[in-house]
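Close look at the chain arrangement
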Amino acid sequence: MKVLVLGSGGREHALCWAISKSPLCEKLFCIPGNAGINSEAECVNIKINNFNSIKKFIKKEKINFVVVGPEEPLVNGIVDKLKKLKIKTFGPNKKASILESSKSFTKDFCKRNNIPTASYKKFKNYRKAINYIQNINYPIVIKASGLAAGKGVFILKNKSQSKKILKDLMVKKKFGNSGKEVVIEDYLIGEEISSLALVDGKNYIPLLLSQDHKKIFENDKGPNTGGMGAYCPLPYLKRNIQNKINKEIIEPTIKAMNKEERPFNGILYSGLMLVKEKIYLIEYNVRFGDPECQPLIFLLKSDLLKVLNNCVSKKLNKTKIKWKKEYALSVVMVNKGYPNKFKKNSIIKNLNLINEDQNTKVFHSGTSLDNQNKIVASGGRVLTVTSSDKNFNSVKKKVYQTVKKLKWKNSFFRKDIGFRAKKLK
Ligand code: AMP
Ligand code: GLY
């Protein structure tokens, strides 16, 4: 097969790395890719939202299979458009991608289908939202309903903080149309985990459970980011929890999406909050998580391309997935200042000193080549260093040995990835 991966992050690097090893993969392209993806795939400099150019490229290269990494093209209906051209594409169509594109839809969807989620109210009217927050218990969570690159969710301790956020979202329109409608929901206290499952419309295969670290600073302090590190599987978690997630979240979601004529095919990512014995859905994403994808793919023993192809062909009931019986842990290295303003384009030193083998891999996110062909840190999130080991404590040590070798002006990383593992009992 001639395969095209769309995207440019650590997630797409991991996908390309695994797909390039598949005996089914004749040739692999990535649009637009990055300086690391370059070593696994031919990167093509087309903007990811430029569908006409992507279409031309697919025709010219006779691509047979497309894997869509990020949410935006999915939400904009790329799968529907490629299906019309008879190109096999991994990812949900536009109708099914609403699970990620509208928090307001998702909350109502959960309610009418008995999928456990925090209690909430939705508002399109600023005045009504302001009235609502006058006499309620704090903290609360205010969310812009539309896509906001993980930045549209606010945890507020009191009325005055909440007023400011409502004004920013609904009057000042800081997130454009994404904040036209807001969801205000109860604040849940618990442990957050990520459940990713391959879904072919009817059948599903849960991937290993993982945990992301969304805050920029150690001990989960500071603003939310796209994710600063992740690991899988969860070493101390009770075994029966996957069963509970299947019964209470994944199966009802698949069934309800079919009932509502939005059959889901792709990765169903459920962000979950474990509150004592209960599980609540915090959000759905309709694609691999970044960075969760990196440790997951690192432990996958099966042929990823074959698995994704079986998913698109609705043959997951005939598919088995094998995992390395180890732990994988990824640490994201960023440009200092991210998720706010940061300086960029410093040369990354020592990449050539890293011994990449089956136990360590440096996945690239925001990297590019400067005019002297040197690799520079061009994005907010720059590298996802990933290691695996049979022992959870050793995997942490191993990954940080590599992280500490990699340096550039303004590099930053969290030193405590994995610290919540023991809390997940
Ligand atoms: P979301 O984009 O909906 O996943 O929200 C971003 C982050 O905000 C989540 O990963 C949680 O850490 C936090 N969050 C969202 N909703 C809630 C909630 N109801 N209670 C507590 N934390 C939440
Ligand atoms: N790691 C969270 C996300 O991909 O949205």
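In case you missed it, the structure is sitting above this.
Keep in mind that what you see is a predicted model, and the values were worked out from it rather than measured. Position numbers for residues count from 1 along each chain, tracking the sequence in the order it is written. Both sets of labels track the order of writing: A upward for chains, 1 upward for ligands. For a predicted model such as this one, the threshold for reporting local features is a pLDDT of at least 70, and the threshold for listing and counting side-chain atom pairs is 80 or more; totals across whole chains, interfaces and linings nevertheless cover every residue. Hydrogens and water molecules were not included; the side-chain quantities draw on all heavy atoms of the structure.

One heavy atom within 4 Å of a molecule or strand is enough for the residue carrying it to be called near that molecule or strand. Close contacts around ligand 1 come from 15 residues, with E185, D186, L188, E192 and E283 the closest. Any pair of nitrogen or oxygen atoms within 3.5 Å is treated as a polar contact; in protein, a donor-acceptor pairing is required on top of that, and neighbouring residues in sequence qualify only through side-chain atoms on both sides. E185 is positioned such that a nitrogen or oxygen atom in its side chain is 2.7 Å from a nitrogen atom of ligand 1. In the model, an oxygen atom of ligand 1 is placed 3.0 Å from a nitrogen or oxygen of the K214 side chain. Protein coverage of the free-state accessible area of ligand 1, which is 470 Å², stands at 93%. Elements represented by at least two residues in the shell around ligand 1 include exactly β7 (140-144), β9 (182-186) and β17 (278-285). Grouping the amino acids of the shell around ligand 1 by side-chain chemistry returns 7 nonpolar, 1 polar and 7 charged. Surface accessibility in these figures is a Shrake-Rupley result with a 1.4 Å probe; residues are shielded only by whichever protein chains are displayed. A run of H or I in DSSP counts as a helix once it spans at least four residues, and a run of E counts as a strand once it spans at least two, with each numbered from the N terminus. Side-chain classes are defined by residue name, with Ala, Val, Leu, Ile, Met, Phe, Trp, Tyr, Cys and Pro counting as nonpolar, Asp, Glu, Lys and Arg as charged, and the others, Gly among them, as polar.

Glancing now at the sheet that holds β7. Pairing between strands is defined by DSSP: at least two bridges between the two strands are required. Taken together, the 4 strands give an open sheet; going across it, the order is β6-β9-β7-β8, and neighbouring strands pair in antiparallel fashion. Only two strands of the sheet have a single partner each, and these edge strands are β6 (120-123) and β8 (153-156). Across the sheet, the axes of successive neighbouring strands diverge by a mean angle of 20°, strand direction being ignored. Relative to β6, helix α6 (residues 103-112) is tilted by about 140°, and along the sheet it contacts β6, β7, β8 and β9. Note on geometry: axes are lines fitted to C-alpha atoms, helical ones only across the stretch in contact, with angles between N-to-C directions running from 0 to 180 degrees. Contacts are residue-level and defined by heavy atoms, with any inter-residue pair within 4.5 Å sufficient.

Another aspect to go through is the side chain of R287. Secondary-structure assignment places R287 in the loop between β17 and α10 (293-299). Only 3.2 Å separates the side chain of R287 from the side chain of E71, close enough to count as a polar contact.

Within this analysis, patches are made of residues with over 30% relative accessible area and no salt bridge. Like charges are joined at 9 Å or less; nonpolar side chains (Val, Leu, Ile, Met, Phe, Trp, Tyr) at 5 Å or less. The term salt bridge refers to a side-chain nitrogen of Lys or Arg lying within 4 Å of a carboxyl oxygen of Asp or Glu. When charges are tallied, Lys and Arg are placed among the positive residues and Asp and Glu among the negative ones, while His and the ends of the chain are skipped. Where a charge sits is defined by one atom per residue type, namely NZ (Lys), CZ (Arg), CG (Asp) or CD (Glu). Taken together, the side chains of R127, K159, K163 and K167 present a region of like positive charge at the surface. A total of 3 residues in the positive patch trace back to one element, the largest contributor, which is helix α8 (residues 159-171). As for its position among the elements, K167 is in helix α8.

Before going further, it helps to examine the sheet that holds strand β3 (residues 42-43). A sheet is described by the order of its strands in space; here 5 strands give the open sequence β3-β2-β1-β4-β5, paired in parallel fashion. Both edges of this open sheet fall to β3 and β5 (88-90), since each of them pairs with a single strand only. With 2 bridges joining them, strand β2 (residues 27-32) and β3 adopt parallel strand pairing. Among the inter-strand pairings, C30 is bridged to a residue of β3, identified as C43. Running at roughly 170° to strand β1 (residues 2-7), helix α1 (residues 10-20) makes contact with β1, β2 and β4 (65-68) of the sheet. Relative to β1, helix α2 (residues 51-61) is tilted by about 160°, and along the sheet it contacts β1, β2 and β4.

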